[in-house]
Every structure is written in C-alpha cells, then in structure tokens.
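Each chain, letter by letter, is given below.
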Amino acid sequence: DGGITQSPKYLFRKEGQNVTLSCEQNLNHDAMYWYRQDPGQGLRLIYYSQIVNDFQKGDIAEGYSVSREKKESFPLTVTSAQKNPTAFYLCASSRWGPPADTQYFGPGTRLTVL
Amino acid sequence: DAKTTQPNSMESNEEEPVHLPCNHSTISGTDYIHWYRQLPSQGPEYVIHGLTSNVNNRMASLAIAEDRKSSTLILHRATLRDAAVYYCILRDYRNAGNMLTFGGGTRLMVKP
C-alpha cells in the first residue's frame, strides 16, 4: 500500500526538551512538507523539501528543524526554542513541478507539552 | 496566492445534496481551484480541482463561475462520513512550488 506514515500518533514532552517527529512516504514523491495545525485553525507551513539534501523554511519555521537525507524520510525536530509547541503536526508529500499537483497527507502527530 | 472566502459552517441532512461555496474575487488566470477536506483528527485529503470548466469525480463535482470569481463544491448525496472541514485553495500553476495555503475552511455538519 502506498502512502505516508507518521509516528507516533500522540507525543508528550516536557517543557525544554527537543522531540523528533517521524514522516515516511513510499509514493516516490520528490517533495515533502510539514504543517502545523492549532485547534479550529487551518494548516500553516513549517518547512518543505523539494529534493534530497535540500529544504526551505515555510511561514513558521522558528523553533523547528528538519533534515532530508533520504527521499522517503523527512523528520521534524521541535526544539526547546519553539515557544508554543502543543499542536497537531501534519506531514505531506507530492510530485514537484507545474502544474500544481495533489498533496497527500499523513495521519498526523498530536504533540502535547506538559 | 490569492485569497478565498468560505462560510465558517454549514449544515446538511443525510442523503441530500450539499453546495459548499467559495469566493475568490482576486483569482488570476493561472490559478487552479483546489478543494481538500479534513475529517476529524485526520490529515486533509484531496477532493477535486479545476481551472475553468466544471469537473466531476467519484467524490464530488466542482462548478466554476464563468468569471471564475467563485466556485461551488457539490456533494451529491451527503453521508455522515462527509462531515468534515472543507478547504478551498487557489494554486498558481506557473509555480513549481506546491505549497498549499489553508484558510479556516467550512465545517460541514451532516444530520441523520
């Protein structure tokens, strides 16, 4: 089955700790994305990657870091510098290039800072 | 990307058609109109997209106004499983980048 997996589904973290969220895809997509969603709000882009070993900041990158060492994987680290990290985190992937193409989303990770 | 305006919420009865409106008065000639929906506690999923002509697929239909300043997502027979937040998003097809800008969307409630 092709798709995107995110783990864990729920994550609890103590204030001041870094935490890494996993995202894996087997759709052979070049592009991958991380979004953050707060309750009752739309999604906001954190980082995206067009190709392996390259990534770009989105609208709200402060306090987050990513890596793209393999085409299939795009982990997101929420650092202690992120002031309000409690949120629902969504990973997505797509082909890259015009015309605009469909994004496929994972099931999300709900992060709670205690 | 150009901005879209959608009602915050709508209600429908099960097995009746639902028309979800979207206004995009500043749309440019190269903007595609995309619709995604997000079921509770899940990631968004693609529904449909179009440029100028009306579009149909197994999930829904997309009716685009002649001046392209508005569009309507049509669910032909709403089911309880269609209760979700529906997002209308514009994407410029000239851009290789595929980032989606999500607004607040329309929360659709389906009554049995």
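Residues numbered from 1 in each chain as written. Chains lettered and ligands numbered in written order. Predicted model: local features only at pLDDT ≥ 70, side-chain atom pairs only at ≥ 80, totals over all residues. Heavy atoms only, no water.

Trainee: Could you give an account of unusual backbone geometry, with specific residues and numbers?
Mentor: Residue and element names in this part refer to chain A. Residues serine 7 and proline 8 are joined by a peptide bond in cis, for which omega reads -10°. Along the polypeptide, proline 8 turns up in the loop between β1 (4-7) and β2 (10-13). The phi torsion at asparagine 53 lies on the positive side, around 65°, for a residue other than glycine. In this fold, asparagine 53 is placed in the loop between β5 (43-51) and β6 (54-57). (Helix = DSSP H or I, 4+ residues; strand = E, 2+ residues; numbered from the N terminus.)

Trainee: Report on the interface of chain A and chain B, specifying residues and quantitative values.
Mentor: Contact with chain A, which involves 24 residues of that partner, is made by 21 residues of chain B. Between chain A and chain B lies a buried interface of about 1700 Å² when both sides are counted; carbon and sulfur atoms form 57% of it. Taken together, the links from chain A to chain B amount to zero salt bridges. Where the side of chain A that touches chain B is concerned, the elements lending two or more residues are β4 (31-37), β5 and β9 (87-94) of chain A. Per-class residue counts for the side of chain A that touches chain B are 13 nonpolar, eight polar and three charged. (Contact = heavy atoms within 4.5 Å. Buried area = accessible area lost by both parts, 1.4 Å probe. Salt bridge = Lys/Arg side-chain N within 4 Å of Asp/Glu carboxyl O. Nonpolar A, V, L, I, M, F, W, Y, C, P; charged D, E, K, R; others polar.)

Trainee: Let's hear about the pattern of salt bridges: which residues, and what values?
Mentor: Applying the stated criterion across every chain yields a total of seven salt bridges over all chains. Here A:Asp38 ties to A:Arg36 by a salt bridge, and the two come within 3.0 Å at their closest N and O atoms. The exposure class of A:Asp38 is buried, given its relative accessible area of 16%. Notably, a salt bridge pairs B:Arg77 with B:Glu15, separated by 3.3 Å at the nearest N-O pair. With B:Arg77 in the loop between β7 (70-75) and β8 (84-92) and B:Glu15 in the loop between β1 (9-13) and β2 (18-23), this residue pair connects regions lying 62 residues apart in the sequence. For the residue pair B:Arg77 and B:Glu15, the accessibility class agrees, reading exposed in each case. (Buried < 20%, exposed > 50% of the residue type's maximum accessible area, 1.4 Å probe, protein only.)

Honestly, that's just the spatial picture; any functional story needs more than this.
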